[in-house]
Amino acid sequence: MRTTLARRLRNFLSLLIIATALSVNDVGHRCSERDLSWSLEPRRVLSLPPSCQHLDLSNTRLGDKELPSLVESLVPVRGLNELLLQRNRISDLQPLADFLPKANITVLHLSSNSIGDAGALALAKALADSRTTLLELHVANNDIGTFGATAMARALKHSSLETLSLSYNAVGVRPHRL
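Anyway, here's the lowdown on the structure attached to this text. (Residues numbered from 1 in each chain as written. Predicted model: local features only at pLDDT ≥ 70, side-chain atom pairs only at ≥ 80, totals over all residues. Heavy atoms only, no water.)

**Remarks on the overall build of the chain**
Worth spelling out the cut-off: A run of DSSP states H or I qualifies as a helix once it reaches four residues; a run of E qualifies as a strand once it reaches two. Both are numbered from the N-terminal end. Each residue's exposure class comes from its accessible area (1.4 Å probe, protein chains only) as a fraction of the maximum for that residue type: buried when under 20%, exposed when over 50%, partly exposed otherwise. Whether two residues are in contact is decided by their heavy atoms, any of which lying within 4.5 Å being enough.
Per the secondary structure count, the chain includes six helices and six strands. Listing each helix as α and each strand as β along the chain from the N terminus yields α-β-α-β-α-β-α-β-α-β-α-β. Burial statistics for the chain: of 178 residues in total, 45% are counted as buried. Nonlocal contacts in the chain, meaning residues at least 24 apart in sequence, comprise 77% of its contacts between residues at least 6 apart.

**A closer look at the side chain of Gln-86**
Let me state the cut-off plainly: Pairing of N or O atoms within 3.5 Å defines a polar contact, subject to two protein rules: one partner must be a possible hydrogen donor and the other a possible acceptor, and residues neighboring in sequence count only if both atoms are side-chain atoms.
By the secondary structure assignment, Gln-86 is in the loop between β3 (82–84) and α4 (94–99). For Gln-86, a relative accessible area of 13% gives the class buried. Of the polar contacts made by the side chain of Gln-86, one reaches the side chain of Ser-58; its length is 3.3 Å. Once residues lying within four places of it in the same chain are set aside, the contact partners of Gln-86 are Ser-58, Asn-59, His-109, Leu-110, Ser-111 and Asn-113.

**Brief notes about helix α5 (residues 116–128)**
Threshold: To estimate how far a helix should extend, the number of its residues minus one is multiplied by 1.5 Å.
Compared with the 18 Å implied by 1.5 Å per residue over 13 residues, the 18 Å span of α5 between its first and last C-alpha is a close match. Here α5 has its buried residues at Gly-116, Gly-119, Ala-120, Ala-122, Leu-123, Ala-124, Ala-126 and Leu-127.

**Digging into helix α3 (residues 67–74)**
Among the eight residues in α3, six count as buried, and that is most of the element. Among the residues of α3, those classed as buried are Leu-67, Ser-69, Leu-70, Val-71, Ser-73 and Leu-74. Close packing links the buried residues of α3 with β2 (54–56), β3 and α4.

**Thoughts on the pattern of salt bridges**
This is how the line gets drawn: Note on definitions: salt bridges are taken to be side-chain nitrogens of Lys or Arg within 4 Å of carboxyl oxygens of Asp or Glu.
Under the counting rule described, the total for this entry stands at one salt bridge. One salt bridge in this structure joins Asp-129 and Arg-131, with 2.8 Å as the shortest N-O distance.

**As for unusual backbone geometry**
A positive phi angle, close to 55°, is found at Asn-59, a residue other than glycine. Tracing the backbone shows Asn-59 in the loop between β2 and α3.

**A few points about the nonpolar core**
The condition is simple: Residues enter a nonpolar core if they are buried and are Ala, Val, Leu, Ile, Met, Phe, Trp, Tyr or Cys, with the set joined through side-chain atoms within 4.5 Å.
With 40 residues, the main nonpolar core has Leu-96, Leu-108, Leu-123 and Leu-137 as its most contacted residues. Listed by contribution, the elements that provide at least two residues to this core are α3, α4, α5 and α6 (146–155). Element by element, the count of residues in this core is highest for α5, at six residues. In contact with Leu-108, not counting residues within four places along its chain, are Leu-83, Leu-96, Leu-100, Leu-123, Leu-134, Glu-136, Leu-137 and His-138.

So this is what it looks like as structure tokens:
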């Protein structure tokens, strides 16, 4: 109990100190989980510096419970161009997909999560929205099947996307029948 409370307090103080330093010094306009002392608290809203252009939360065990609060944290960060969320535990992309048309994100890395066809459909809907500014989308190794890949391909007609990485997915793979 004490160690958990001490760790949370240490995380909060680190976040406060680093967020203040970043907003005052504008250190490269890059933020990462090391800078923000990310911890897995589902309802925690991060205080990100408005000048943050690149946020890297890769390999932080971020999951579906934490994603809505992360998206809420991103709303005031209008300068965010790159969002890296690869190698996490995300399967429900709806909060992020709903946010994309309202954001200025041009590069999104979601590789090695578990978004599947449902996540691909949510992304396809966001891609089809003319307000979405994505130029690069990386969704490799996500168990996306033919259904999800087809939905994303159809959305490309209405999208400004220049790079789509779908490697290491289940596109075209048929289930085995016994």
